[in-house]
Amino acid sequence: MDSTQLTLIHGAVLSGILSAFLSLYGIIADLVCLIRRRPHHAAYIWGIAGYLFLGLTGSLIAVLGTLIAAAAGGNAA
């Protein structure tokens, strides 16, 4: 693999990790709003589901990118 490709893969891994952590913040914020405000609970539940999907997708991108970088012989760290 070329060094440019490894750099792009490492960028994707970092973006996936960042996406997972930011979605954790969104889940916590929606849970707090869900507990405090009862009337519009369906919107907060959909928000939690969306953030959960975002976090899982980011985590999957990070794991797959690390596996690709390791398989290519590059340093995965």
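Anything mentioned here points back to the structure above.
About the thresholds
- Residues numbered from 1 in each chain as written.
- Predicted model: local features only at pLDDT ≥ 70, side-chain atom pairs only at ≥ 80, totals over all residues.
- Heavy atoms only, no water.
- Helix = DSSP H or I, 4+ residues; strand = E, 2+ residues; numbered from the N terminus.
- Buried < 20%, exposed > 50% of the residue type's maximum accessible area, 1.4 Å probe, protein only.
- Contact = heavy atoms within 4.5 Å.
- Areas by Shrake-Rupley, 256 points an atom, 1.4 Å probe, with all protein chains shown as cover.
- Core = buried A, V, L, I, M, F, W, Y, C linked by side-chain atoms within 4.5 Å.
- Expected span 1.5 Å × (residues − 1).

### Digging into the overall build of the chain
- Each helix and strand in the chain was counted, giving two helices and zero strands.
- By principal-axis analysis of the C-alpha atoms, the chain measures approximately 55 × 15 × 15 Å.
- Taking all 77 residues of the chain together, the buried fraction comes to 25%.
- In the chain, the proportion of contacts linking residues at least 24 apart, taken out of those at least 6 apart, comes to 67%.
- Surface exposure of the chain reaches about 5,500 Å², of which carbon and sulfur atoms provide 74%.

### Some remarks on the nonpolar core
- Counting residues in each nonpolar core, the largest one holds five residues, listed as Leu6, Ile9, Val13, Ala62 and Ala69.
- Secondary structure elements with two or more residues in this core: helix H1 (3–36) and helix H2 (41–71).
- Broken down by element, this core gets its largest block of residues, three residues, from H1.

### What about H1?
- Over its 34 residues, H1 runs 50 Å from end to end, which matches the ideal 50 Å to within 8%, given 1.5 Å per residue.
- Here H1 has its buried residues at Leu6, Ile9, Val13, Gly16, Ser19, Ser23, Gly26, Ile27, Asp30 and Leu34.
- Tucked inside the fold, the buried residues of H1 contact H2.

### A few points about the environment of Gln5
- Turning to its location among the elements, Gln5 is positioned in helix H1.
- Measuring from C-alpha to C-alpha, the distance between Gln5 and Ala69 comes to 9.2 Å, with 64 residues separating the pair along the chain.

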